[in-house]
2 protein chains.
Amino acid sequence: MKRRTIEGREGAEDLAESKSTNITWHEGHITRVEREALLGQTGVCVWLTGLSGSGKSTIAVAAEHALVEGGRLSYVLDGDNVRHGLNSNLGFSPDDRTENIRRIGEVAKLFTDSGVIVFTSFISPYRADRDKARAIMGDGDFVEVLVDASLETCESRDVKGLYQKARAGEIPEFTGISAPYEPPENPELVLDTNTQSVEASMEQLVGYLEKGGYLGAKA
Amino acid sequence: MKRRTIEGREGAEDLAESKSTNITWHEGHITRVEREALLGQTGVCVWLTGLSGSGKSTIAVAAEHALVEGGRLSYVLDGDNVRHGLNSNLGFSPDDRTENIRRIGEVAKLFTDSGVIVFTSFISPYRADRDKARAIMGDGDFVEVLVDASLETCESRDVKGLYQKARAGEIPEFTGISAPYEPPENPELVLDTNTQSVEASMEQLVGYLEKGGYLGAKA
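Every value quoted in this text rests on a predicted model; they were computed, and no experiment measured them. (Residues numbered from 1 in each chain as written. Chains lettered and ligands numbered in written order. Predicted model: local features only at pLDDT ≥ 70, side-chain atom pairs only at ≥ 80, totals over all residues.)

> How would you explain the sheet that holds strand β1 (residues 44-49) of chain B if you had to name every residue and give the values?
All names here are of chain B. If you walk across this open sheet you meet the five strands as β2-β3-β1-β4-β5, and the pairing is parallel. Lying at the two open borders of the sheet, with one neighbouring strand each, are β2 (74-78) and β5 (189-192). Strand-to-strand twist across the sheet, computed as the mean angle between neighbouring axes with direction ignored, equals 20°. Taken strand by strand, helix α4 (residues 94-114) contacts β1, β2 and β3 (117-121), and its axis lies near 165° from that of β3. Lying on the sheet, helix α5 (residues 127-136) is in contact with β1 and β4 (142-148); it crosses β4 at an angle near 150°. (Pairing = 2+ DSSP bridges. Helix = DSSP H or I, 4+ residues; strand = E, 2+ residues; numbered from the N terminus. Axes fitted to C-alpha atoms, helices over the stretch in contact; angles between N-to-C directions. Contact = placed C-beta atoms within 7 Å.)

Listed below in structure tokens is the structure:
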């Protein structure tokens, strides 16, 4: 085993002789491909976008369940685990929404690099913000999914009573009511939950990932 | 299968009847324990702290390599993938260093929750910042590792020439020279790279994780 250095990739000085051990020493980072081979899957960011109540989270959680049951490591980033943690110091102004999505994109990129199939479930209303998230990930690593339900559909569901509050002016800058939603122009996938059940949408999504080769490691 | 709702955990309205399919529908998030069972390991944040040149990154990358070769999914968060991405809008002022570490702690928490063994390799000089990262993760989820090399040792290595530049005043707020380093008072592990090779340090670290049960799923 050759002699090696602290902070060795740039280094010039040896700290100590290597010892013979049962743990193999290697230079450099494990590659993403090596992690994907270990997992038997391909890391990808599945970016769900759509109005509040369109079904993003329900579909994401169901897809995560189906994938994990099938032996694929997946993880959902959503308001529950991001807004109260990483982005707890951000509000809902346009600038803060942009920074919110920027950070989520960067974290999703890290998960994708780790080999995980990561679902992001956020309204993410601005096209430019989503396009930036796409741009920081490689081709094929970013699957934009429009969870398509009309405002009328979402408002008629109004599961959390948010639309009623927004109409009453109790929630400022509410997407679809008092703040804009810009749908994607060329999403990889559209899940129409106006007419299709969330089960069918989840199956459509998992089918897309299967066909795209994400449920196996790259050859 | 019972009828179910969009945004169903809070919901009251049905969108559509369930369909009979070969993908099983489930309510609610996959739990961390289910992901850990899939991976055969326990998610944990291994937080390496120490001066520039102490050996943090070299040890983290080597440990990642050893773990992945042993079939354990691990991932390194370091300056390369965080400072140029998620934290590219932060500098090196005390406030920005604190926000830097806060975000890294939150991301490490997400990785830990996903079941991954995540190494963070940052100087992380302030005790209070590290303690906050510890506080947001549960007991046992945060393993603080002091990569212990004296300033003299690190400065004599000076692999990247940073100490020389810092002494010349070309790098402001350089930890150990013109900015403080506060070592942990009760770290889970100390790796003394003054006297011990990085190989031995990596083995000590992997041995700690093995003894701690992190390399298997919780029963």
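Now that the structure is up, let's keep going.
> Before we move on, could you go through the environment of V46 of chain B and cite the residues and values that matter?
Position of V46 of chain B among the secondary structure elements: in strand β1. Among residues more than four places away in sequence, those in contact with V46 of chain B are I117, V118, F119, V143 and V145 of chain B.

> I'd like a description of the sheet that holds strand β3 (residues 117-121) of chain A, backed by residues and values.
Residue and element names in this part refer to chain A. Strand order across the open sheet formed by five strands is β2-β3-β1-β4-β5, with parallel pairing between neighbours. Strands at the two margins of the open sheet, each flanked by one partner only, are β2 (74-78) and β5 (189-192). Put simply, the sheet's adjacent strands are angled 20° from each other on average, direction ignored. Across five bridges, the pairing between strand β1 (residues 44-49) and β3 is parallel. Looking across to β3, one finds that V46 is bridged to F119.

> Could you give an account of helix α2 (residues 56-69) of chain B, naming the residues involved and the relevant values?
Residue and element names in this part refer to chain B. With 14 residues, α2 should reach 20 Å at 1.5 Å per residue; the first-to-last C-alpha distance of 20 Å fits that figure. Buried residues dominate α2, accounting for 13 of its 14 residues. Of the residues trailing α2, G71 is marked for its positive phi of about 85°. (Expected span 1.5 Å × (residues − 1). Buried ≥ 20, exposed ≤ 12 C-beta atoms within 10 Å, placed from the backbone.)

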